[in-house]
Amino acid sequence: MSAQPLTMRAGESADLVLRRATALDPVAGIDAVHDVVVRDGAIAELAAPGEAVAEGLEEVDAAGLHAFPAFFDPHVHLRVPGQEHKEDIETGTRAAAAGGYCGVIAMANTEPPVSTPAAVEALREEARVAASVGVGFLATVSRAMAGEELTEMAALREAGALGFSDDGLPVRSARLLRRALQYQRLCGGTIALHEEDPDLSGEGAMHEGAVSAALGLEGIPSISESTAIARDTALAAYEGGRIHVQHLSAVESVEVVRAAKAAGVQITCEASPHHLCLTDEAVRSLDPNRFKMNPPLRAEPDRQALLEGLRDGTIDCVATDHAPHPAEEKEVPFEQAAMGVTGLETAFAALHTHLVLPGAIELPLLVERLAGGGAPFGLERPSLAPGSEANIALCDLAATWTVGEDGYESRSVNSWCAGEELTGRVLMTLAGGQVAYRLRSFSLGVAA
Amino acid sequence: MRHLLSIEQLSKAEIEAILDRAESFAEVGRRDIKKVPTLRGRTVVTLFYESSTRTSSSFELAAKRLSADLVSVKAAGSSVDKGESLKDTVATLSAYEPAAIVIRHPHAGAAQLVARWADAAVVNAGDGKHEHPSQALLDVYTLRRRLGSLEGRRIWIVGDVLHSRVARSNLIAFRAMGAEVTVCGPPALIPRRLEELGCAVEHSLDRLGEADVVYALRLQRERMRESFVPSLREYAARFQIDSRRLGPRQLLMHPGPVNRGVELSGEAIDSPQSLIAEQVASGLVVRMAILYELLASPEEAPAAAAGDGAARPTPVGQPA
């Protein structure tokens, strides 16, 4: 494959020093206060605090702040082409940068879906102009996501498709998925799967359980997800294929993936911040803007199973499933509202507030899972190790802010954290060696 | 009480206050002139997105008996047919400055949204499969008149609980009033984990004899297409309330409209144990009481309405 896996806007390489930052990169074994020196867009040195020579560099007072390897989101909806009223490459990647992300993977369920090499090329062309963080584009598994015929997977890969997914819909036909896994041997490219049995989901609007019983909403049972995963892990095992399970939500699903990994299946999976932080109890408010998505928010045992999966490595990474929708599709009764919430701008702060501060998971683990989203697609991990491309999220763990108070970088406002006060804030993001974001109120020091 | 969105929001005392108010309107209903001037000059909008006979007609008549101006909107034939959103429809109707909006909608939470968008008091007249609080209140009223108190009474709710907003609201209301509730129906028509609402669950009528009250639910004919039940015949054989299953001291209720010969046999409907006609009569006075409670209780009433005088009942929730 000749194409670069990620595409972003060309710009000025960063030259700066993060003075006295607490550098934390558990994978690289870094956890100490350093002057993080970035020269020509690469991490040049982790110097002793206050010791770095800052000549020719912008100087950032990072005392008391944390520098993490920037995050990578393997599951976002940039809505291009066709739904630019919800999001586009510029606004979506700006939202990503504001959340501390250096890269994202865009789903292909657009209008029309990304099913042709020309469509992939056009997206990459646009990203070269508009993307402030690296973007990898997936193509669909089936033509036009109709679930009937395979796309030209090899040609799509040559055009730069990072992998394949019919996300938004499951690959309903086991025969078609089997063919795709066979073809994958020829062209590579991880196949990412939205796992759901549409027959079992029916017209469900939320998790099937005590809350759906109380609200009289049709439920989406957990087994809708777990039975689909069980089928597809069997297919992947049989064909020796490489699959990535998207947005795991249920305890049964975690068990299926854990068993598949133990059996040697080439499988990775992700979980979303909202599934890690919330349960179906939130749906009692009947607020679809914040709490309607697919898969739905599940019950507390499911959430606990996801946390355990995150800790023991069954769940490889955090993915936001950032799904922007306009107000008119959300200001309607719950059952009629569009599925999906935005998450790029709040992922770190929400997980820090809901999980790290109460002690449910440790900060290093969170950083590792947030930065680990590219690995399932064969991408190099963002790293603070000297010599690495500068991909850094600079965060103030003590800062509190109210989500949405200052608006959003995203074009849409359907944040599951809307109105919530969070603790921990991204102040600055370096992506692909460039400064991709800095909080307006956070100023850099003068050049020395 | 600013809105009536669910039974869940009401305490036992609030339920009883509404029922006491309804009693006083029942007294008004026995007079030659059945109308009181309480809501004179104020506007009530009924907004129905689903077909309804009993609920819409009784709310409309209740508003008229209270001397309110009534605007009655049915979704069919209105701008809703032209694709107007609920939010815009509510904005349009709000221009008439209604004191109350009574809404029936096929989706859960619709009344709650209207309450957020409109200044009017909002009455949920049924939202999807979620709640139908005025039905529950009129059912409790009907039973209280017959039994005195629901405390310790055993009530069986039988039939398609899954698709029934009446089942949900009544379960909550009956329990709030001290009754023990059992729901009964085929497993596919009982929501998973419903027992967490505090009821027992049965899948046969074998122990129906324990019940003081049998509350039957409508089984929509299309349910068998989705395999919730294999056939109406099989359903009726196992779950129909007929004169053989209904004991002489048991009371029978149904929210209507009845599928005669499906969930109830003809002779059960026409039996002396049946309260179905009384339920309809209760609907009017209970809905008058709801509108009164929302619009004319002391903290809600504008100065102009306060001088209405003799016909005005004692404010709900205040010492008489």
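None of the values given here were measured: they were computed from a predicted structure. (Residues numbered from 1 in each chain as written. Chains lettered and ligands numbered in written order. Predicted model: local features only at pLDDT ≥ 70, side-chain atom pairs only at ≥ 80, totals over all residues.)

(A) Expanded view of the overall build of chain A. Per the secondary structure count, chain A includes 13 helices and 18 strands. Per-residue burial for chain A yields a buried fraction of 61% across its 448 residues. Considering only residue pairs separated by 6 or more positions, chain A has 77% of its internal contacts joining residues 24 or more positions apart. (Helix = DSSP H or I, 4+ residues; strand = E, 2+ residues; numbered from the N terminus. Buried ≥ 20, exposed ≤ 12 C-beta atoms within 10 Å, placed from the backbone. Contact = placed C-beta atoms within 7 Å.)

(B) Structural view of the overall build of chain B. A tally of helices and strands in chain B yields 9 helices and 9 strands. Over its C-alpha atoms, taken along the principal directions, chain B stretches across nearly 60 × 50 × 35 Å. Taking all 320 residues of chain B together, 47% fall into the buried category. In chain B, once contacts between residues fewer than 6 apart in sequence are set aside, the share between residues at least 24 apart is 71%.

(C) Just the domain arrangement of chain B, in detail. Residue and element names in this part refer to chain B. For chain B, the domain assignment lists domain 1 (12–131 + 281–311) and domain 2 (133–278). Domain 1 and domain 2 are separated by 27 Å when their C-alpha centres are compared. Contacts between the two partners involve 20 residues from domain 1 and, on the opposite side, 19 residues from domain 2. No other element matches helix H9 (residues 276–295), which puts 6 residues into the side of domain 1 that touches domain 2. Its residues assigned to classes, the side of domain 1 that touches domain 2 shows 9 nonpolar, 6 polar and 5 charged. (Domains from an automatic or database assignment. Nonpolar A, V, L, I, M, F, W, Y, C, P; charged D, E, K, R; others polar.)

(D) Broad picture of the packing of helix H2 (residues 54–65) of chain B against H9 of chain B. Residues and elements named next belong to chain B. Between H2 and H9, the shortest axis-to-axis distance is 8 Å and the interhelical angle comes to 50°. With respect to their mutual orientation, H2 and H9 come out oblique. For the crossing formed where H2 meets H9, the hand is right-handed. In this structure, H2 uses Arg54, Ser58, Phe59, Leu61, Ala62, Ala63 and Arg65 to contact H9, whose residues at the interface are Val280, Gly283, Leu284, Arg287, Met288 and Leu291. (Axes fitted to C-alpha atoms, helices over the stretch in contact; angles between N-to-C directions. Parallel < 35°, antiparallel > 145°, perpendicular 65-115°, else oblique. Left-handed = near helix turned anticlockwise from the far one by under 90°.)

(E) Spotlight on the nonpolar core. One finds Val133 and Leu138 of chain A together with Ala100, Ile101, Val122, Ile157 and Leu291 of chain B to be the most contacted residues of the largest nonpolar core, which totals 242 residues. The dominant element in this core, judged by the number of residues it contributes, is H9 of chain B, at 10 residues. The contact partners of alanine 100 of chain B, leaving out residues within four places of it in the chain, are Val44, Ala120, Ala121, Val123, Leu291, Leu294 and Leu295 of chain B. (Core = buried A, V, L, I, M, F, W, Y, C linked by C-beta atoms within 7 Å.)

(F) Looking closely at helix H7 (residues 222–239) of chain A. With 18 residues, H7 of chain A ought to run about 26 Å at 1.5 Å a step, and its terminal C-alpha atoms sit 26 Å apart, in line with that. Glycine 240 of chain A sits one or two positions beyond H7 of chain A and adopts a positive phi of about 65°. (Expected span 1.5 Å × (residues − 1).)

(G) Summary view of the pairing of strand E3 (residues 100–105) of chain B. All names here are of chain B. In terms of residue burial, E3 counts as a mostly covered element, since 6 of its 6 residues are buried. Side chains Ala100, Val102 and Arg104 of E3 all project onto a buried face; the interleaved residues Ile101, Ile103 and His105 project onto the opposite face, where all are buried too. By the bridge criterion, 5 bridges tie strand E1 (residues 43–48) to E3 in an arrangement that is parallel. Paired with valine 45 across the two strands is isoleucine 101, which belongs to E3. As for the winding sense of the linkage, the β-α-β connection from E3 through helix H4 (residues 110–117) to strand E4 (residues 121–127) is right-handed. (Pairing = 2+ DSSP bridges. Right-handed = clockwise from strand over helix to strand, strands pointing away.)

(H) Main features of the sheet that holds strand E10 (residues 190–193) of chain A. Residue and element names in this part refer to chain A. With parallel pairing, the 8 strands of this open sheet are ordered in space as E6-E7-E8-E9-E10-E13-E14-E15. Bordering the open sheet on either side are strand E6 (71–76) and strand E15 (317–318), each of which pairs with just one other strand. Inspection of the sheet shows strand E14 (residues 266–271) paired to E15 by 2 bridges, in the parallel sense. In the sheet register, glutamate 270 faces E15, and the bridge partner there is cysteine 317.

(I) Broad picture of H2 of chain B. All names here are of chain B. Here H2 is 12 residues long and its end C-alpha atoms lie 16 Å apart, about the 16 Å a rise of 1.5 Å per residue gives. Looking only at H2, the buried set comprises Thr55, Ser58, Phe59, Ala62, Ala63 and Arg65. Viewed end-on, H2 has its buried residues packed into an arc of 165°, placing them on one side of the element. Its buried side turned inward, H2 meets E1, strand E2 (69–74), E3, E4 and H9. (Arc of directions from axis to C-beta.)

(J) Representation of the sheet that holds E4 of chain B in the model. All names here are of chain B. The 4 strands lie next to each other as E2-E1-E3-E4, forming an open sheet whose pairing is parallel. For this open sheet the edge positions go to E2 and E4, each flanked by a neighbour on one side alone. In this sheet, adjacent strand axes meet at a mean angle of 10° when their direction is disregarded.

(K) Geometry of unusual backbone geometry. Following asparagine 294 of chain A, the chain continues to proline 295 of chain A via a peptide bond in cis, the omega torsion being 0°. Looking at the secondary structure, you find proline 295 of chain A in the loop between helix H10 (288–291) and helix H11 (300–312). For the bond from glycine 256 of chain B to proline 257 of chain B, the omega torsion is -10°, close enough to zero to count as cis. In this structure, proline 257 of chain B sits in the loop between strand E9 (251–253) and helix H8 (266–269). One non-glycine residue, alanine 144 of chain A, lies in positive phi territory at about 55°. As for its position among the elements, alanine 144 of chain A is in the loop between strand E8 (134–139) and helix H3 (153–158). Phi is positive for histidine 247 of chain A, which is not a glycine, with a value near 25°. Tracing the chain through its elements places histidine 247 of chain A in the loop between strand E13 (242–245) and helix H8 (251–262). Histidine 247 of chain A gets classed as buried once you count the C-beta atoms within 10 Å, which come to 25.

(L) Here's a closer look at the environment of alanine 214 of chain A. Note on placement: alanine 214 of chain A falls in helix H6 (residues 210–215). For the pair alanine 214 of chain A and histidine 275 of chain A, spaced 61 residues apart in sequence, the C-alpha separation works out to 21 Å.

(M) How the structure looks around the domain arrangement of chain A. Residues and elements named next belong to chain A. If you check the domain split of chain A, you get domain 1 (16–67 + 388–415 + 422–438) and domain 2 (70–377). Each of domain 1 and domain 2 has a C-alpha centre, and these two points are 27 Å apart. A total of 8 residues in the side of domain 1 that touches domain 2 trace back to one element, the largest contributor, which is strand E17 (residues 421–431).

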